[in-house]
Amino acid sequence: MIGDTRGYFMETFKDDWFRQHVADVGFVQDNQALSSETGTIRGLHFQADPFPQGKLVRCLRGAIFDVAVDIRDGSPTFGQWISATLTPEGAEQLWVPEGFLHGYCTLEKDTEVFYKVTNTYRPDLDRGIAFDDPDIGVDWPVGRDKAVLSDKDKTLPALTSLLKA
Ligand SMILES: Cc1cn([C@H]2C[C@H](O)[C@@H](COP(=O)(O)OP(=O)(O)O[C@H]3O[C@@H](C)C(=O)[C@@H](O)[C@H]3O)O2)c(=O)[nH]c1=O
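Residues numbered from 1 in each chain as written. Predicted model: local features only at pLDDT ≥ 70, side-chain atom pairs only at ≥ 80, totals over all residues.

- The protein has the name dTDP-4-dehydrorhamnose 3,5-epimerase in an unreviewed UniProt entry, where Asticcacaulis benevestitus DSM 16100 = ATCC BAA-896 is given as its organism.
- Under Subunit (unreviewed entry), UniProt gives the following word-for-word description of the protein: "Homodimer."
- Recorded in UniProt under Sequence similarities (unreviewed entry), the annotation for the protein is "Belongs to the dTDP-4-dehydrorhamnose 3,5-epimerase family." (UniProt positions renumbered as here; feature names shortened; annotations may be inferred.)

Okay, structure coming up:
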């Protein structure tokens, strides 16, 4: 972030740098979502094969607790999660590779999130796992009683449903 008397300038994405330093993937769609309430949880989502989505996530307004969970078949870290707090001031970005669940919880009202994805949206391949699945055990800032959820996210299955598929 380069500040001057007008404000700041920031490069937020550079294809050649990303391919060299993070992952050799191309992005084909940009998404943006506004969540009005603090404690809104979106997730945990993924897009199924053959069009999985890697996601490069940042927060444009407010703040989020952002989460990625490894669900790669045969991975030694299957079911393990990581989190990062993303804010506009910090300008952090989280790279969620293909084969991971993704979800986030808003830490402020009127939080806006922006992310690039590596495959276009396919509603027929849209999948999810319950954000509070105890087998994953994400330490969310809010529990199910306080979380603001979409109707779809209220009824997502457990991680074990993937193992039976
Ligand atoms: C994800 C997506 C949704 N939609 C539509 C479907 C629906 O009518 C409306 C809202 O969709 P959802 O309820 O699935 O939105 P949301 O709960 O924000 O879903 C997102 O959550 C985060 C955590 C992710 O990682 C994303 O990949 C995506 O799954 O937008 C698109 O048109 N294109 C898209 O790429």
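Remarks on the sheet that holds strand β4 (residues 41-47)
- One open sheet accounts for five strands, arranged β7-β6-β9-β4-β11; its pairing is antiparallel. Single-partner strands in this sheet number two, and they are β7 (81-86) and β11 (126-128). Strand-to-strand twist of the sheet, defined as the mean angle between neighbouring strand axes without regard to direction, takes the value 25°.
- Pairing of β4 with β11, which is carried by three bridges, proceeds in the antiparallel orientation. Paired with Q47 across the strands is D126, a residue of β11. (Pairing = 2+ DSSP bridges. Helix = DSSP H or I, 4+ residues; strand = E, 2+ residues; numbered from the N terminus. Axes fitted to C-alpha atoms, helices over the stretch in contact; angles between N-to-C directions.)

Describing the UniProt feature "active site" (unreviewed entry) in the protein
- The UniProt record annotates "active site" (unreviewed entry) at H45 and Y115. These annotated residues cover 71 residues of sequence, but their C-alpha atoms sit close together, with the largest distance between any two at 13.6 Å.
- For H45, the location among the structural elements is in strand β4.
- Residue classification places H45 among the partly exposed positions, given that 19 C-beta atoms sit within 10 Å. (Buried ≥ 20, exposed ≤ 12 C-beta atoms within 10 Å, placed from the backbone.)

A few points about the sheet that holds strand β10 (residues 111-117)
- Spatially, β3-β10-β5-β8 is the arrangement adopted by the four strands of the open sheet, whose pairing is antiparallel. Both edges of this open sheet fall to β3 (29-35) and β8 (93-96), since each of them pairs with a single strand only. Across the sheet, the mean angle from the axis of one strand to that of its neighbour is 25°, orientation sign disregarded.

Some words on the site of the ligand
- Neighbouring the ligand are the residues N31, A33, R42, G43, H45, K55, H102, G103, Y104, Y121, S150 and K152.
- Put simply, the parts of the chain that give the shell around the ligand at least two residues each are β3, β4 and β9 (100-106).
- For the shell around the ligand, the residue count by class is three nonpolar, six polar and three charged. (Near = placed C-beta within 6 Å. Nonpolar A, V, L, I, M, F, W, Y, C, P; charged D, E, K, R; others polar.)

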